[in-house]
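# Overview (structure and organization)
Listed below, chain by chain, are the residues.
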Amino acid sequence: MKFTRPVIFYNAFKPGAHETSQKLLAQATALGAQARLITDLTQLPQTAGTDLVVCLGGDGTTLHAARQAAALNLPVFSINCGTLGFLSGCEKADAEAAFPRVLNGEGILNERFMLQAVIVRADGTEETALAFNDCVLRCAQARAFSLQARLNGRLLQPYYGDGLIVSTPTGSTAYSLAAGGPIVAPEVDVFLLTPICPHSLGQRPLILPADGQLTFEPVFKYPGEQATVSLDGQTNFPLSKGDKVILSRSKTRARLITLPGRDFFTVLSKKLKWGNCIC
């Protein structure tokens, strides 16, 4: 699919992002595309006719852009101007060569499922948000706490420790991996539950079918304690006694564009040194 009306978004705090965005804007104009440059993703819904979101930044920028674009069913081509760039479609040094190819329809579209989080308050009110990578539940105080967990209403063993990471397959290479969770290929349709510093040798990462519904409710020992829910490390909610979090697979899917040769296992090896050994 060719693109003729891209929106280019850049993270002003990333070195070279602004300069590269200006070059891509000039490229798009020279190729006959009607491109627009924005610095705030809240402007995205007002860009009528947009068919592609190009974002320049790190993985955090990509997460933010992917959630915003997914709500509008727009694909995202991410250019890494950060440190790791695991979710990016190309590196900053390759942007000027890659961008015309994407506009010409040479990119590969990868759809990734996202988490829908519903925070249900003790009084029955609800708040809803999306996560692309993960949902992290932790105690607001620097102490261990308990989480009562259910799958489709069925009681699971409670989690006791510093917290719990519930990730999508895409998020399996992020915080979950650092906490000891396994790597999951992005096309696998599962949830991944990874305990954070569990106070039990019996609590290990757990993989569950993504068509289920997970419910978590914090259990506190002392009055005034709170937990926090963090979605992609960017959207945060407090949890008090009686509150709960319901997680399910969102009908909204993130859409990422890469170019041939930049597949999951190649990036995994290059970025995280997966499979590298001295033979």
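Up top you'll find the structure we're talking about.
These lines cover the structure that appears in this document, whether it is placed above or below. Because the structure is predicted, anything quoted here is derived from the model rather than measured.

### Here we look at the environment of Gly 202
Along the chain, Gly 202 turns up in the loop between β12 (190-198) and β13 (206-209). The sequence separation of Gly 202 and Pro 45 amounts to 157 residues, and the corresponding C-alpha distance is 47 Å.

### A word on the pairing of strand β17 (residues 244-258)
Note that strand β6 (residues 108-120) and β17 share 12 bridges and pair antiparallel. Bridged to Asn 110 within β17 is Leu 256.

### Observations regarding helix α5 (residues 264-272)
Turning to α5, its buried residues are Phe 264, Val 267, Leu 268 and Lys 271. Looking down the long axis of α5, one finds its buried residues gathered within 105° of arc, a one-sided arrangement. In this fold, the buried residues of α5 make contact with β4 (76-80) and β5 (90-91). Of the residues that open α5, the one with a side-chain oxygen 3.1 Å from the backbone nitrogen of Phe 265 is Asp 263. Within two residues after α5, Lys 273 carries a phi angle of roughly 60°, on the positive side.

### A few points about helix α1 (residues 17-30)
Over its 14 residues, α1 extends 20 Å from the first C-alpha to the last, a length consistent with the 20 Å expected when each residue adds 1.5 Å. Among the residues making up α1, those that are buried are Ala 17, Thr 20, Ser 21, Leu 24, Gln 27 and Ala 28. Along the axis of α1, the buried positions cluster into a sector of 120°, meaning they face one direction only. Across α1 from its buried face, at more than 90 degrees, point the exposed residues Thr 29 and Ala 30. Taken from the residues just after α1, Gly 32 is the one with a positive phi, measuring 90°.

### So, the side chain of Thr 50
With respect to the helices, strands and loops of the structure, Thr 50 is situated in the loop between β2 (36-38) and β3 (52-57). By relative accessible area, which is 14% here, Thr 50 ends up buried. Excluding its chain neighbours within four sequence positions, the residues that come into contact with Thr 50 are Arg 5, Val 7 and Leu 74.

### Observations regarding the pairing of strand β1 (residues 6-10)
The element β1 is largely enclosed, with a buried count of five among its five residues. Along β1, one buried face is formed by Pro 6, Ile 8 and Tyr 10 and the opposite face, lined by Val 7 and Phe 9, is buried too. As defined by bridge partners, β1 adjoins β3 across five bridges and the pair is classed as parallel. From the neighbouring strand, Pro 6 faces β3, where its bridge partner is Leu 52. Crossover β1 to β2 through α1 is right-handed.

### Remarks on unusual backbone geometry
The phi angle at Asn 73 is positive, at roughly 60°, despite the residue not being glycine. Mapped onto the fold, Asn 73 is located in the loop between α2 (59-70) and β4. A positive phi angle is found at Lys 273, which is not glycine, with a value near 60°. Structurally, Lys 273 can be placed in the segment after α5. Overall, the relative accessible area of 54% leaves Lys 273 in the exposed class.

### Thoughts on the pattern of salt bridges
For the coordinates displayed, the defined rule picks out 11 salt bridges. Its salt-bridge partner being Glu 111, residue Arg 255 comes within 3.7 Å of it at the nearest N-O pair. Of this pair, Arg 255 sits in strand β17 while Glu 111 sits in strand β6, and the two are 144 residues apart along the sequence. In this structure, Asp 189 engages Arg 249 in a salt bridge whose closest nitrogen and oxygen atoms are separated by 2.3 Å. You can see Asp 189 sitting in the loop between α4 (175-178) and β12 and its partner Arg 249 sitting in strand β17, a full 60 residues away along the chain. A relative accessible area of 32% places Arg 249 in the partly exposed class. One continuous salt-bridge network, built from bridges that share partners, spans Glu 91, Arg 262 and Lys 271.

About the criteria used
Residue numbers restart at each chain and count upward from 1, following the sequence in its written direction. Residues qualify for local features only when their pLDDT is at least 70, as the model is predicted, and side-chain atom pairs are given and counted only at 80 or more; totals for whole chains, interfaces and linings, by contrast, use all residues. To get the side-chain values, all heavy atoms of the structure are used, and hydrogens and water are removed first. The numbering of helices and of strands both runs from the N terminus, where a helix is a DSSP run of H or I of at least 4 residues and a strand a run of E of at least 2. We treat two strands as partners when DSSP finds at least two bridges between them. The cut-offs for exposure are 20% and 50% of the maximum accessible area for each residue type, with area from a 1.4 Å probe on protein chains only; residues under the lower value are buried, those over the upper are exposed, and the others partly exposed. Arc definition: directions from the helix axis to the C-beta atoms. Should any heavy atoms of two residues lie within 4.5 Å, those residues are counted as being in contact. Two N or O atoms count as a polar contact when they lie within 3.5 Å, although within protein this holds only if one can serve as hydrogen donor and the other as acceptor, and sequence-adjacent residues are included solely when both atoms are side-chain atoms. To estimate how far a helix should extend, the number of its residues minus one is multiplied by 1.5 Å. By definition, the crossover connecting two strands over a helix is right-handed if that path, from the first strand to the second, turns clockwise as seen with the strands pointing away from the viewer. The rule for a salt bridge is simple: a side-chain nitrogen of Lys or Arg has to be within 4 Å of a carboxyl oxygen of Asp or Glu.

Function-wise, these values are silent; they only describe arrangement.
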